[in-house]
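Results of the structural survey
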Amino acid sequence: MDFINDILLGFQVSLQPINLLYCLIGVLIGTLTGVLPGIGPTGTIAILLPVTFHAPPVSSIIMLAGIYYGAMYGGSTTSILVNIPGEPSSIVTCLDGYQMARQGRAGPALGISAFGSFIAGTIGIVGLMFIARPLARAALKFGPPEYFCLMVLGLIILIYLTQKSLIKAISMGAFGLILSYVGMDIVSGQIRFAYGIDELLDGIGIVPIVMGLFGVTEVLENLEKTTGVSLYETHIKGLLPSIKDWADSTWAIIRGTILGFFLGILPGGGAVLASFVSYAVEKRVSKHPERFGKGAIEGVAGPEAANNAASSGAFIPLMTLGIPSNVVMAMLFAGLLIHNITPGPLLLKDHPDIFWGVITSMYTGNVILLLLNLPLIGMWVQITKVPFRFLFSLIILFCVIGVYSINHSVFDIWIMIIFGLIGYFMKKCDYEPAPLALAYVLGPMLEQALRQSLIISNGSFTIFLFRPISCASLVVGAFLLVTAFTGYTKKKRLEVLKEQ
Amino acid sequence: MKKWMDRIGSLFLIGLSVLIFSSSLKLGIGDFGNPGPGFMPFFASILLFSLSSLVFIKGIIGSSKDEEGELSIGWENLTKPINLMIALICFSFLFKALGYLITTFLLMFAMFFIYEPKKWYVHIVISAIVASLSFLVFYTWLRVQLPTGIFRIHW
């Protein structure tokens, strides 16, 4: 009965007109973000975070969550029509989606991508509803050692999945940790690494860092390029997939959903990993793997379902454990903290309206996306034609307003500019910003958990080995690092990429 | 070129890690039974130092194949990013003094001009529209406290 009551409470909250409006705004902005290359959901959420100050907490989080899964929908449109993924999680959709568009089948590709996303998103939310309560209950028994090891595992998985140098990804993680320690020490109250700068006494804000790394850096990179985006001239007709398309895609959607959901839960995992794994699985199980890369509809349906299911799954560690599993979740984590809501096992008990309201809003959001996106595909395609000079200028303007409005401080704008430059040069040197941002968010929690664990154990590190969850997390983390450093996975990954 | 970039990038991180390392020692790292405020930064700086040194060494003794390695992003057309940075820095210094409307108008114009210098007259009109509309949305409707500057221009 609890379950039914929870869902009813959730819908009671999410179906309120104000929350429906915020949900609509969120998914529309999310789709726009997904359609437009240059700025992802992380940057968009960072930009809009200050705007939510004046909104009710539940409405704000509903909108911010809508941006995330809306971007998953939107990302596929440009992948299929322009062969440019609006989002990293839509990279694999380009492989077969664009080929389908070239064969005059852009409509079914877009249709199956939208339906697949809807089905996966819906099943993902149902899974979230079932898992959230037992996991939150179990998480209440977690102590600092479990939290520490889970966070370390999350960071290791994110680093493991890095597309470039592993050493550089770990360096970025360490850099992020160091940045997170600027300001007051939570235990002793001592000021750390402020070097006499008053604005650093409270630490460096997450928003200026993220906007610099993901907003300004993207703009600087795109400014270098002189080539424009050309839209594949195709007439989009017949968005509804045929019976044969459905027959080919049904199992791909189901497999993609299950894979995506569980890979989304994994700390450090997420939509990108889910879509790649789903594509590899579909190709492997297919009776005609040679069709992949030449317009196989399963190659669109599976990954699109997987990235949407993963975006639902990613909410589980955030809402139940209070651990953001990727950078977007880290931004939502910041959004909840701004409204004095601490995500974690107590969220369900203290703020059931927010917990269930946000979860059920994802269902209404998925319905809105399906109803709006298919008829509006033409409009989204037109939006990709917005001149870059307007796009980048507006991104910079929103970044500036967003950063300034948090503390009304020009210092934050400088931080954003500095991190924009750092991100730009780091990208040139093949350093990735995601490990830095996640380590920055996890840093204070990681430190607190480690210090508490060591105090409990009188300085003995065996505390991490004698507890099953912490020990298992460390073993998995160590295994991943060993395989990554021995080069086995890199070789495998290159093989998969070569195949694709 | 790539090796040079690796050297510069890793040197920056090495410098940062040395600074944090010495500051952590001053803060006090404590011991394993009672970790101090410098405990975590101390180990994070050692990790950063070790890995960055590795990248630096690889950048020096790497194969000649690496020397020829292409940057993942080219260096061509750097003028636009540099100009944008200059515009942003100027904007940040003038923001409070001149207020949102004037500085945003100037920033928008600068950004449009950086990308396409030819249509400057169109840019003036669009910049004025964007500055006014964004001020209306953020300042008037969303009540974001934007600076009005010494001229106190607002509505």
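Residues numbered from 1 in each chain as written. Chains lettered and ligands numbered in written order. Predicted model: local features only at pLDDT ≥ 70, side-chain atom pairs only at ≥ 80, totals over all residues.

Next up on the list: the overall build of chain A. What chain A contains, in helices and strands, is 21 helices and two strands. For chain A, whose C-alpha radius of gyration is 22 Å, the value lies close to the compact-globule estimate of 23 Å for 500 residues. For the C-alpha atoms alone, the extent of chain A along its principal axes is close to 65 × 55 × 50 Å. By residue count, 60% of the 500 residues in chain A fall in the buried class. Sequence-distant contacts in chain A: of pairs separated by 6 or more residues, those separated by 24 or more amount to 80%. (Helix = DSSP H or I, 4+ residues; strand = E, 2+ residues; numbered from the N terminus. Rg over C-alpha atoms; globule rule 2.2 N^0.38 Å. Buried ≥ 20, exposed ≤ 12 C-beta atoms within 10 Å, placed from the backbone. Contact = placed C-beta atoms within 7 Å.)

Here the focus is the overall build of chain B. A tally of helices and strands in chain B yields six helices and two strands. Reading the helices (α) and strands (β) of chain B from amino to carboxyl end gives α-β-β-α-α-α-α-α. Counting every position in chain B, which comprises 155 residues, the buried fraction comes to 34%. A sequence separation of at least 24 residues applies to 58% of the contacts in chain B between residues at least 6 apart.

Glancing now at unusual backbone geometry. All names here are of chain A. Not every positive phi belongs to a glycine, and Tyr195 is a case in point at roughly 50°. Structurally, Tyr195 is set in the loop between β2 (191–192) and α9 (206–224). A positive phi angle, near 55°, is found at His408, a position not held by glycine. Take His408: it is sitting in the loop between α17 (388–407) and α18 (410–428).

Turning our attention to the nonpolar core. Judged by nonpolar contacts, the single largest core of 205 residues is most densely connected at Met151, Val210, Met211, Leu332, Cys399, Ala437 and Leu438 of chain A. No fewer than three residues from each of domain 1 (2–67) and domain 2 (79–141) of chain B sit in this core. (Core = buried A, V, L, I, M, F, W, Y, C linked by C-beta atoms within 7 Å. Domains from an automatic or database assignment.)

On to the domain arrangement of chain B. The domain architecture assigned to chain B consists of domain 1 (2–67) and domain 2 (79–141). Between the C-alpha centres of domain 1 of chain B and domain 2 of chain B the distance comes to 39 Å.

Attention now moves to the environment of Ser275 of chain A. Residue and element names in this part refer to chain A. In this structure, Ser275 sits in helix α11 (residues 271–285). The class of Ser275 is buried, set by 33 C-beta atoms lying within 10 Å. C-alpha of Ser275 to C-alpha of Phe115: the two residues are 160 residues apart in sequence and 16 Å apart in space. Discounting residues that sit within four places of it in the chain, Ser275 has contacts with Ser89, Val92, Pro303, Ala306 and Asn307.

Before going further, it helps to examine the packing of helix α4 (residues 57–82) of chain A against helix α5 (residues 91–102) of chain A. Residue and element names in this part refer to chain A. Packing of α4 against α5 brings their axes to within 6 Å, and their N-to-C directions diverge by 55°. Compared by their axis directions, α4 and α5 come out oblique. Where α4 crosses over α5, the handedness of that crossing is right-handed. In this structure, α4 contributes Ser76, Ser79, Ile80 and Leu81 to the contact, and α5 contributes Thr93, Cys94, Gly97, Tyr98, Met100 and Ala101. (Axes fitted to C-alpha atoms, helices over the stretch in contact; angles between N-to-C directions. Parallel < 35°, antiparallel > 145°, perpendicular 65-115°, else oblique. Left-handed = near helix turned anticlockwise from the far one by under 90°.)

A word on the packing of helix α6 (residues 106–139) of chain A against helix α12 (residues 298–313) of chain A. Residues and elements named next belong to chain A. Between α6 and α12, the shortest axis-to-axis distance is 7 Å and the interhelical angle comes to 30°. In terms of their interaxial angle, α6 and α12 are classed as roughly parallel. Both α6 and α12 take part in a crossing whose hand is right-handed.

Residue and element names in this part refer to chain A. With 26 residues, α4 extends 37 Å from end C-alpha to end C-alpha; this agrees with the ideal 38 Å at 1.5 Å per step. Along α4, the sharpest change in direction is near 30° and occurs at Ala71. The element α4 is extensively covered by neighbouring structure, given that 25 of its 26 residues are classed as buried. Positive backbone phi, at 65°, marks Asn83, one or two positions downstream of α4. (Expected span 1.5 Å × (residues − 1). Bend = angle between axes of the 7 residues up to and from the residue.)

Looking now at the environment of Gly104 of chain A. All names here are of chain A. Here Gly104 lies in the loop between α5 and α6. For Gly104, a count of 13 C-beta atoms within 10 Å corresponds to the partly exposed category. Along the primary structure Gly104 and Asn222 are separated by 118 residues, whereas in three dimensions their C-alpha atoms are 30 Å apart.

Time to look at the interface of chain B and chain A. Between chain B and chain A, the residue contacts involve 51 residues of the former and 52 residues of the latter. Listed by contribution, the elements that provide at least two residues to the side of chain B that touches chain A are α1 (2–27), β2 (34–35), α2 (39–61), α4 (79–98), α5 (100–115) and α6 (120–141) of chain B. A total of eleven residues in the side of chain B that touches chain A trace back to one element, the largest contributor, which is α2 of chain B. Along the lines of polarity and charge, the residues of the side of chain B that touches chain A split into 31 nonpolar, 13 polar and seven charged. (Nonpolar A, V, L, I, M, F, W, Y, C, P; charged D, E, K, R; others polar.)

With that settled, the discussion passes to α6 of chain B. Relative to the 32 Å expected for 22 residues at 1.5 Å per residue, α6 of chain B spans 30 Å between its end C-alpha atoms, a close match to the ideal helical length. Turning to α6 of chain B, its buried residues number three or more, namely His123, Ser127, Val130, Ala131, Ser134, Phe135, Phe138 and Tyr139 of chain B. Buried residues in α6 of chain B make contact with α17 of chain A together with α5 of chain B. Just downstream of α6 of chain B lies Arg143 of chain B, where phi reads positive at about 55°.

A separate point is the confidence of the model for chain B. Across chain B, the average pLDDT comes to 85, with 88% of residues at 70 or higher. Scored as a whole, the predicted complex attains pTM 0.82, and scored at its interfaces, ipTM 0.91. (pLDDT = per-residue confidence, 0-100.)

All right, on to the environment of Ala280 of chain A then. When you line up the elements, Ala280 of chain A lands in helix α11. Separated by 176 residues in sequence, Ala280 of chain A and Ile456 of chain A place their C-alpha atoms 45 Å apart.

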